[in-house]
Each structure stands twice: as structure tokens, then as C-alpha cells.
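Summary of structural features
The lines below spell out each chain.
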Amino acid sequence: MTVTRFLRKTGLVRRQTHLAVTMFPDEASAFRAYRLLHHYGISPEHLAIVGKGYSNPDHVGLLKPMQIAVRRARSLSIVAGTIGSLVAFVLVLIQSRGYSDLRSLQPLLLIPVVGTMSGFCGAFLGGLLGLLGEGNTVSVYRHHLNRGHYLLMIEGSEKLVRWGQEVLSQYSTTSRSS
């Protein structure tokens, strides 16, 4: 696994694609919106309907909130543990620079202790951010899916997603006025 792939997977690098999710109360309205977007030039490879009879939430990447929290906790614990170990190593080097003989290796025990403690703090913070941030949004979408609603997801460049949102906003205003 390359470093950029790891950073992209953990969410530390900005995504190249954007995502918009729209909720619909029934299958017919979700499919009408899907066809409308396709009519306005948005390719089906950028669209997905999620709900009963269509794509599974796990298949399109709509993870469960706990899965998101665990991923965030794991990635942030690795980053925080590494940074904590590096900081402790630099502090031990600075402290040992003043001494001519290094008979006592007890300051070297500081490195794994600080690395472990900062890793635990990073895991706690990552889990909390995962649950309260992205996990909270995902739980709302999953709640609507459990109630029988449908989601229409648009993924692509920022321009494509904005165009899709504009088309859907016009669709919702015209369908209400009819």
C-alpha cells in the first residue's frame, strides 16, 4: 500500500470526487429523478439508487456508524502514535546530547510509553470524531433506508455533482407546483 493510498483511505487527503445524496419517499420518485438526471446528461456510472430492490447500502460504501468510528480510530491512533514516538525520540536526543556517556537507558523507555499513550489518545479522538461527524450523517441515511425510503447518490467531479443538484432542485419545485 502506498502512502498516498493510505492517506486517501484514512481521509487525510482531500478526495478527488464529490458526493451528493438525495432522499426520496418512494421508489417511483427516486427512479423518476434517476431518469431525469440521465436525460440531462449525467451518466449512470455516476448515479446509484439505494434502497429495497436496488443497491445495498454496504455495496455503495454507506458504512455503519461503528465501522466509520473504528476506521477513524485506527487511522488516527497510527498517526498520533507515530508523531508521539517521534517527539519523544527527539526529546530523548536533546536530553542525551548534554551527557557524554549513555550508561542509563531509562530515557529510551520514554519513547514507547509516549507513543502508546498518544496512540490511545488518537484512537479515542478518532472514534469520537468518526461517530459525531461522518457516522452521524450515515446514521440519518440508514434510518431513512430502514423506514423504506430511497436514496439517490450522485458521485463525480464538483461540477457534475452541482449540475445534478441543480437539476434535482428544479425537479422538486416543478413536481410540487403540478
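Above this text is the structure in question.
Calculation rules
Residues numbered from 1 in each chain as written. Predicted model: local features only at pLDDT ≥ 70, side-chain atom pairs only at ≥ 80, totals over all residues. Heavy atoms only, no water. Pairing = 2+ DSSP bridges. Helix = DSSP H or I, 4+ residues; strand = E, 2+ residues; numbered from the N terminus. Axes fitted to C-alpha atoms, helices over the stretch in contact; angles between N-to-C directions. Parallel < 35°, antiparallel > 145°, perpendicular 65-115°, else oblique. Left-handed = near helix turned anticlockwise from the far one by under 90°. Nonpolar A, V, L, I, M, F, W, Y, C, P; charged D, E, K, R; others polar. Salt bridge = Lys/Arg side-chain N within 4 Å of Asp/Glu carboxyl O. Buried < 20%, exposed > 50% of the residue type's maximum accessible area, 1.4 Å probe, protein only. Contact = heavy atoms within 4.5 Å. Core = buried A, V, L, I, M, F, W, Y, C linked by side-chain atoms within 4.5 Å. Polar contact = N/O pair within 3.5 Å; in protein donor to acceptor, adjacent residues only side chain to side chain.

**Things to note about the sheet that holds strand E3 (residues 150-156)**
Spatially, the 3 strands line up as an open sheet ordered E1-E3-E2, and their pairing is antiparallel. One side of each edge strand has no neighbouring strand; the edge strands of this open sheet are strand E1 (18-24) and strand E2 (47-50). The mean angle between the axes of side-by-side strands here comes to 20°, regardless of whether they run parallel or antiparallel. As judged from the 4 bridges shared by E2 and E3, these two strands associate in the antiparallel manner. Note that in E3 the partner of Leu 47 across the bridge is Ile 154.

**What to know about the packing of helix H3 (residues 65-97) against helix H4 (residues 110-132)**
Two elements in contact, H3 and H4, have axes separated by 6 Å at closest approach and are oriented at 150°. Between H3 and H4, the crossing angle belongs to the class labelled roughly antiparallel. For H3 against H4, the interelement crossing comes out right-handed. Considering only residue class, the contact of H3 with H4 consists of 16 nonpolar, 11 polar and 1 charged.

**Details of the pattern of salt bridges**
Under the counting rule described, the total for this entry stands at 3 salt bridges. Of the charged contacts in the structure, one is a salt bridge between Arg 72 and Glu 134, with a shortest N-O distance of 2.6 Å. Remark: Glu 134 occurs in helix H5 (residues 134-146) and Arg 72 occurs in helix H3; sequence separation between them is 62 residues. Judged by its relative accessible area of 30%, Arg 72 is partly exposed. Taking relative accessible area as the criterion, Glu 134 reaches 41% and is therefore assigned partly exposed. Glu 158 is the salt-bridge partner of Arg 162, the closest N and O atoms lying 2.8 Å from each other. Placement of both Arg 162 and Glu 158 in helix H6 (residues 158-177) is noted, with a separation of 4 residues, approximately one turn of the helix. Assessed through its relative accessible area of 54%, Arg 162 is described here as exposed.

**Let's talk about the packing of H3 against H5**
Across the interface, H3 lies against H5 with an axial gap of 8 Å and an inter-helix angle of 165°. When the axes of H3 and H5 are compared, the pair comes out roughly antiparallel. By crossing handedness, the relation of H3 to H5 is classed as right-handed. In this structure, H3 contributes Pro 65, Ile 68 and Arg 72 to the contact, and H5 contributes Glu 134, Gly 135, Val 138 and Ser 139. Residues of the contact of H3 with H5, tallied by class, amount to 3 nonpolar, 2 polar and 2 charged.

**Thoughts on the nonpolar core**
The biggest cluster of nonpolar side chains holds 17 residues, and the ones touching the most others in it are Phe 24, Leu 37, Leu 152, Ile 154 and Leu 168. Elements with a minimum of two residues in this core: E1, helix H2 (27-39), E2, E3 and H6. Not counting the four nearest positions on each side in its chain, Leu 37 is found in contact with Ile 42, Leu 47, Leu 152, Ile 154, Gly 164, Val 167 and Leu 168. Grouped together as the second largest cluster of nonpolar side chains are 10 residues, Val 50, Leu 62, Ile 68 and Leu 151 included.

**A look at the side chain of Arg 142**
Relative to the helices and strands, Arg 142 is located in helix H5. Only 2.7 Å separates the side chain of Arg 142 from the side chain of Asp 58, close enough to count as a polar contact.

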